[in-house]
Amino acid sequence: MIDLNFLGRSKTKAKFKKTYKDAKVSYLNRIRWAVSMFYFGMGLCFATWASRIPDIKTALHLSEGDLGSILFALPLGQLVIMPFSGKLVTRFGSDRILIFALSLYVLSMTNLGLAAAAWQLSLGLFVFGIFGNLSNIAVNTQGVYTEVLFKKTIMSSFHGMWSFAGFMGALVGLGMLAFKMTPYVHFLIVAGIVFLMMAFNYKFLIKAKETIKAEKKKLFSKPDSALIWLGIIGFCCMASEGVMFDWSGVYFKDVIKAPGPLVILGYTSFMIMMAGGRFLGDGLIRKFGRKTVLQISGIMISAGLFTAVFFPFVIPATIAFMFVGLGVSTIVPTVYSVAGKNPNVSPSVALTTVSSVSFLGFLMGPPIIGYIAELSSLRFSFAFIGIFGILISLMVSRIKAIE
């Protein structure tokens, strides 16, 4: 979920205070924990919204096509703020922007529970997307600074915390449904938890002065073909991931006919396996190699989605969504890692190319599902996305950069 596009626009060099360089290990660990909690808070907010999509859809009497159109407002808000996010973080500091943006991200989440009409939900999601992207840029910058202080790669653990928060958000949502809490009350409770978390950790965010040096490059240049293929793999993965975030609950409610609180079971199982896969992914890649792990991951995505389509029952569908979660967990981080080591292009430009193409999948996947479901059925639309996993496995075998 962390957008890396701003890294491709400029090279950022942070000047840390001397106190950070001379800090004890215990203090550095406290900084790492604080940054992790902000990742966790962001993931909790997004998962909280996603867990109540089926209820909001029912309350507003939305069809699949209507919901698909409305969901487009969230990534649209992200796209609108994207050209300015990096500049704002540079101008005012990632620590200040993170506190400001995450606070408004939380408040905009609560407002989603007040939507009484489709246009209100669309406007709320647009604002939710704006502050979500701004929070992503700021927290990602904090993650990069923390890696510099530790002098080792720890970014995957931050992404794992975001995924773990997704699982916890789904679990809390399950409890809220069991107690028949309205989405607004549910969102208010989660907002209080996130604000409390921020109060205990904001003082430990890294304060650093940034100097920006823009990269010189041609306005129109042909991108490296390997990066385009990596971007397409990321597109297929993030389209599958976005569909699971926004439509898994609806699928369990309308297709699986899951009773009561079990409507969140599919989303919960997906998030558990995605989080687990991200914490274990580095070890699997070291043991079996990138290419093998990515090929198996693509097969798991397809197998999971097709299983949910052909066996629309609670237990098979839950297991199927677990396969999808495990499948998507390692693909995008691995694609970014390979892109950053491209010998022909600087890491920042490579990440910009790959992440931009990949983000289109997250942008287009959920709305497309709604349109296809409106024309045919939700089961058919999930089967369509299932093809993407097969495409991933085929493309991975043709890219020499992936070993």
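Since the structure is predicted, the reported quantities are computational estimates derived from the model, not experimental observations. (Residues numbered from 1 in each chain as written. Predicted model: local features only at pLDDT ≥ 70, side-chain atom pairs only at ≥ 80, totals over all residues. Heavy atoms only, no water.)

Quick look at the overall build of the protein chain
Here is step 1 of the chain: When its secondary structure is counted, the protein chain shows 17 helices and two strands.
Here is step 2 of the chain: Put simply, the protein chain has 403 residues, and 56% of those count as buried.
Here is step 3 of the chain: Intrachain contacts of the protein chain at a sequence separation of at least 6 include 88% that bridge at least 24 residues.
Here is step 4 of the chain: Counting every atom, the protein chain has about 17,600 Å² of accessible surface; 69% of that belongs to carbon and sulfur. (Helix = DSSP H or I, 4+ residues; strand = E, 2+ residues; numbered from the N terminus. Buried < 20%, exposed > 50% of the residue type's maximum accessible area, 1.4 Å probe, protein only. Contact = heavy atoms within 4.5 Å. Areas by Shrake-Rupley, 256 points an atom, 1.4 Å probe, with all protein chains shown as cover.)

Focus: the packing of aromatic side chains
Here is step 1 of the chain: Enumeration over the complete set of coordinates arrives at 11 aromatic pairs.
Here is step 2 of the chain: Put simply, the rings of Tyr251, Phe252, Phe321 and Phe382 touch in pairs and so form one group of aromatic residues. (Phe/Tyr/Trp six-rings, centres within 6.5 Å; stacked < 30°, edge-to-face > 60°.)

What about the pattern of salt bridges?
Here is step 1 of the chain: Taken as a whole and judged by the stated rule, the model has three salt bridges.
Here is step 2 of the chain: Here Asp55 ties to Arg52 by a salt bridge, and the two come within 3.3 Å at their closest N and O atoms.
Here is step 3 of the chain: The closest approach of N and O atoms between Arg278 and Glu241, which form a salt bridge, is 3.9 Å. Taken together, the residues span a long stretch of sequence, with Arg278 in helix H12 (residues 265-288) and Glu241 in helix H11 (residues 225-254) at a distance of 37 residues. With respect to burial, Arg278 and Glu241 carry one shared label: buried. (Salt bridge = Lys/Arg side-chain N within 4 Å of Asp/Glu carboxyl O.)

What to know about helix H13 (residues 290-310)
Here is step 1 of the chain: Counted at 1.5 Å a residue, the expected span for H13 with its 21 residues is 30 Å, and the 30 Å between its end C-alpha atoms agrees.
Here is step 2 of the chain: Where H13 is concerned, the buried positions are Val293, Leu294, Ser297, Gly298, Met300, Ile301, Ser302, Gly304, Leu305, Ala308 and Val309. (Expected span 1.5 Å × (residues − 1).)

Focus: the side chain of Glu241
Here is step 1 of the chain: Here Glu241 falls in the buried class, since its relative accessible area comes to 2%.
Here is step 2 of the chain: With residues up to four places along the chain from it excluded, the contact list for Glu241 reads Phe270, Met274, Arg278 and Phe362.

Digging into the confidence of the model for the protein chain
Here is step 1 of the chain: Chain-level statistics for the protein chain give a pLDDT mean of 82 and a share of 86% at 70 or above.
Here is step 2 of the chain: For residues 1-12, every residue scores under 50 in pLDDT, and the model assigns this stretch 49 contacts once sequence neighbours within four places are set aside.
Here is step 3 of the chain: In this model, residues 212-217 is a region of pLDDT below 50 whose contacts with residues beyond four sequence positions or in other chains number 15 contacts. (pLDDT = per-residue confidence, 0-100.)

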